[in-house]
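Results of the structural survey
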Amino acid sequence: MISKQRISHFLQSLGGILMRPIGESLAFFISMYLLGVVCVLFVPYDSSRLVGVFQLFADLYLLCAFLLLVPQRFRPFTKGVLYALFYVVALIDAFCYAHLGTAFCPTFLQQVIYTNPRECSEFLSLITWSDLWSPFGLVLTLLGAHILLAIWPRKPKWMGLAQMRNLCKPVCAVPVCCLFFVGFFATIDSREYVFYRVICGLDELNVQRMKDFEPKTKYYLPIYRLAYSVSENIQQAAICRDLAKSLDKAVVTSRLSSGPHIVLIIGESCNKRHSSLYGYDKLTTPCQQRMYDTGRLAVFSDVVSPWNVTCEAFQSIMTTHCIGMDGTWASQPLFPHLFRLAGYHTEFFSNQYLANTVGFSAFKEEIFMSNARFSHAMFDVRNDSLHRFDDGLIDDYRALTGKSNKPKLSVFHFLGLHFDFSQRYPASRVVFAETDYSRKDLNAEHLKLLADYDNAYRYNDSIIGEIVKMVDQEEAIVVFLSDHGERIFDDNTQEWGRTLEWSAANIRQQYDIPFWIYVTETYKSCHPRMWHDIQDARRRPFMTDAVSHVLLHLAGIQTPWYSPVHDVLSRKYNPQRPRILNRERKYAY
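Please read these numbers as outputs of a predicted model, since none were measured by experiment.

Turning our eyes to something else, we now look at the overall build of the protein. Across its full length, the protein carries 23 helices and 13 strands. Burial analysis of the protein (589 residues in total) assigns 53% to the buried set. For the protein, long-range pairs separated by at least 24 residues make up 77% of all intrachain contacts whose partners lie at least 6 apart in sequence. Counting every atom, the protein has about 27500 Å² of accessible surface; 60% of that belongs to carbon and sulfur.

What follows is the structure in C-alpha cells.
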C-alpha cells in the first residue's frame, strides 16, 4: 500500500517538474507576458482578446520549456535575442497601428524590404510626443522599465532570484496547469490554422478546404504577424518571378493598326438569378433589357466562374492560363499585355485596385494589379482614385481616355455588389423595399439585405448602360461578366454571403454568373460572321478563366498564347472541358 508520504513526495516532484519552465525563466516569462498583454489588448486585430490572453500564457510556457533544452551557458544569450526580437517587432507593430491604422502586415514588410535609408529616416521622423499616449508608448515604457531594472545596481529584495523562485513552488502547479490547458486547448484550431498558413505556406482556400477552421486568435501577437508576413512575401516573390518571366515570353505575330474597340466590364458578386435579363421577377436590369431588345445582345446561358473570391477570380480573368494547363496562372502572359504588344491602346478603370498602393486586404492583387512594372506592361491609362459609387468610373473614362489612332481596349472593374450592399447605390436610387418580397421565411433584416442587393444590382445596370451609351456610335463590342456570384437567399434558403460548402444551392448562387456580349450597329454591319459565331455560342458551357482567349479572338490578335479549344467562339472549342471550381470540384449542376 502506497503511503501518504510517498504520494505527497510524488506530487511535490511532479509539481516541481511542471513549474520548472517558469521557475527557470521567471523574469523572462513575466516581462514577455506583460508585453504580450499590451499587444493583445491595445493593438486591435482580427482575434479574441480574452482568448488571446490565455493563449499567450500557454505559448510562453511552451517557449520557456523549449529554453530548458538550450545549454545553460547559451541560455542568457538566447533570452537576450528573444527579448530584442519581441520588443522590436512589438514597437514596429504598435507604430504601424498608431500611424497607419493597421497592425504589421505583409504589405508593410514588402515596403520595408524596398525602403532605402533616406525613406526609413523620413518614416522614423513621424514619431511624435503624442505617440507616448498610444500603444507604441506603452510598449516603449515597458522596454524602458525592463532596461532600468536590468542595469539598476542595487535591485530590491523582492527581485532576488531566490525570492522570485519562491513564487514557483510546486503548489502553484495546479493553477498554472489550468491556465495552460485553457490557453492551449481553446486555441488548437488557431494553432493548426497558423501552421498550415505560415509553415506549410497554403493559401486561405486550401486551408479552409482541409477543415472548416474557426480560429479565435490567428496572428494575435506581433511575432505571429511577422511570421505570416514573411511567409506571404516568400510566396508572392515566387509569383512575381513567374510574372516577370511571362512578360519576357509574351509575343504576338502581327501588329494591328485598326480593330474594334473592345470593352470588358467586370462586375462584382453578381448572382445571375437576380438579373431580370435571366428571368428574375424584379426589374433589376432594365438597361440590359433594352440592349437585348435591339437584337444585338447575346446572352450566354451556362457560364460559371472558377472561384467564389475576387482575387483568384480576377487572376483567372486576366491571365491566358486556363485551369488544366501546365503551370500556374502567373506562368502565362496577362492578356492586356498581349493587347499592348499587338498595338492596342489599353485602359483600366477600377473601383477596387489602384496602381502603387498599399493595402493589406489587396496584397495578392498588389502583385499584378498595383505593381508598377506589371501595371505598365498591361495598361497605358489607369484611374488614380477610388469612388464611393461606380459611376465615378464613367467620369474617369471621359477624363482619361482621350483620342488615339490605335484600336482600344477598355477594362472596367466595378465595386459592384460587394457587401455592404446598402453602400453600393445612392439613397436617391432606391427602387425595391422589403415589402416587395413575399418571403415569409425571411426576417426583417434579411428582407432588407435582399432589397439592398437588388437595388445595387439595378444601380450597376445603369452604369453598364452609361458605358454602352458612350461607345454605341463606335465599332465596338462589349463583354460583361461577374468575377463570381453571391448567395442571397435563393432556392428557399435563409443564407447569404459566400461559403465553401458544396451544396447544389451554394454552388449555383456563387459560381453561376451573368455573361453576355453586346455589339454596336457599326460592329454588327462590319462583322456579320463574327456576330453569327457569337449567337451560335450562347448555349455552350463556358468558364471565365478562358475569357482572355475570347477577347484575343474578337480583337483579331494572333499569338502563340491563344488557345482555340478554350475560346467559346471558336469552331475548335472543347465544350467537354471540365469546369473545376476552386481547383477542387467539377461543376456539374
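Moving on, we come to the nonpolar core. Grouped together as the largest cluster of nonpolar side chains are 59 residues, with contacts concentrated most on Phe 300, Met 318, Phe 339, Ile 534 and Leu 554. Among the nonpolar cores identified, the runner-up in size contains 43 residues, and Phe 432, Leu 449, Leu 450 and Tyr 453 belong to it.

Glancing now at helix α2 (residues 26–42). In this model α2 runs 24 Å from its N-terminal to its C-terminal C-alpha over 17 residues, within 8% of the 24 Å that 1.5 Å per residue would give. Counting buried positions over the 17 residues of α2 gives 12, a clear majority of the element.

Looking now at the pattern of salt bridges. With the rule as written, the count across this model stands at 18 salt bridges. The partner of Asp 302 in a salt bridge is Arg 579, and the shortest N-O contact between them spans 3.2 Å. Of this pair, Asp 302 sits in the loop between β2 (297–300) and β3 (303–304) while Arg 579 sits in the loop between α23 (547–555) and β12 (580–581), and the two are 277 residues apart along the sequence. Among the salt bridges present, the one from Arg 577 reaches Asp 545, with a minimum N-O distance of 2.8 Å. With Arg 577 in the loop between α23 and β12 and Asp 545 in the loop between β11 (542–543) and α23, the pair connects residues that are 32 residues apart, well separated along the chain.

Within the open sheet, the 7 strands sit side by side as β2-β10-β7-β1-β6-β4-β5. Their pairing is mixed. Whereas interior strands pair on both sides, the edge strands pair on one side only; in this sheet they are β2 and β5 (381–382). Both strand β1 (residues 261–267) and strand β6 (residues 408–413) contribute to a ladder of 5 bridges, which runs parallel. Paired with Ile 262 across the two strands is Leu 409, which belongs to β6. Contacts between helix α18 (residues 392–400) and the sheet are confined to β1, β4 (345–350), β5 and β6, with β4 contributing the most and set at about 150° to the helix. Against the sheet, helix α19 (residues 444–471) engages β1, β6, β7 (476–482) and β10 (515–519), with an angle of about 175° to β1.

Our next topic: a nonpolar patch on the surface. A contiguous nonpolar surface patch, about 440 Å² in accessible area, is contributed by Ile 147, Leu 148, Ile 151 and Trp 152. By the element assignment, Leu 148 lies in helix α7 (residues 135–151).

Now for unusual backbone geometry. The linkage connecting Phe 419 with the following residue, Asp 420, adopts the cis geometry, with an omega of 15°. Tracing the sequence through the fold places Asp 420 in the loop between β6 and α19. Positive phi, normally seen in glycine, also occurs at Phe 489, with a value near 70°. The topology assignment puts Phe 489 in the loop between β8 (487–488) and β9 (496–497).

Once that is clear, we can look at the confidence of the model for the protein. Keep in mind that low pLDDT regions are not for reading the predicted coordinates in detail. Looking at the protein as a whole, its pLDDT mean stands at 87, while 88% of the residues score no less than 70. Counted against residues more than four places away or in other chains, residues 358–362, with its pLDDT under 50, gives 10 contacts.

What follows covers the pairing of β1. Regular strands show a simple pattern: their side chains alternate between the two faces of the sheet. Counting buried positions along β1 yields 7 of 7 residues, so the element is predominantly enclosed. The alternating pattern of β1 places His 261, Val 263, Ile 265 and Gly 267 and Ile 262, Leu 264 and Ile 266 on opposite faces, both of which are buried. Here β1 pairs with β7 via 7 bridges, running parallel. Within β7, the residue paired with Leu 264 across the bridge is Val 479.

What counts as what
- For every chain, the first residue of the written sequence is number 1, and numbering continues from 1 onward in sequence order.
- Local features in a predicted model are, by the rule used here, given only for residues with pLDDT of at least 70; side-chain atom pairs are given and counted only at 80 or more, and totals for whole chains, interfaces and linings are based on all residues.
- Excluding hydrogens and water, the side-chain values take into account all heavy atoms of the structure.
- Each helix corresponds to a stretch of at least 4 residues labelled H or I by DSSP, and each strand to a stretch of at least 2 residues labelled E; elements are numbered beginning at the N terminus.
- Any residue under 20% of the maximum accessible area for its type is buried, any over 50% is exposed, and the rest in between are partly exposed; the area is computed with a 1.4 Å probe on protein chains only.
- Any pair of residues with heavy atoms lying within 4.5 Å of one another is described as a contacting pair.
- The Shrake-Rupley method, run with a 1.4 Å probe, gives the accessible areas here. Residue values count only the displayed protein chains as cover.
- Nine residue types can take part in a nonpolar core, namely buried Ala, Val, Leu, Ile, Met, Phe, Trp, Tyr and Cys, and a core is a set of them joined through side-chain atoms within 4.5 Å.
- Between the first and last residue of a helix there are one fewer steps than residues, each counted as 1.5 Å, and that sum is the expected span.
- Salt bridge criterion: a side-chain nitrogen from Lys or Arg within 4 Å of a carboxyl oxygen from Asp or Glu.
- The rule for pairing is simple: two strands pair if DSSP sees at least two bridges between them.
- What counts as an axis is a line fitted to C-alpha atoms, over the stretch in contact for a helix, and the angles between N-to-C directions run from 0 to 180 degrees.
- Each patch is built from salt-bridge-free residues with over 30% relative accessible area, joining like charges within 9 Å and nonpolar side chains (Val, Leu, Ile, Met, Phe, Trp, Tyr) within 5 Å.
- Predictor confidence is given residue by residue as pLDDT, running from a minimum of 0 to a maximum of 100.

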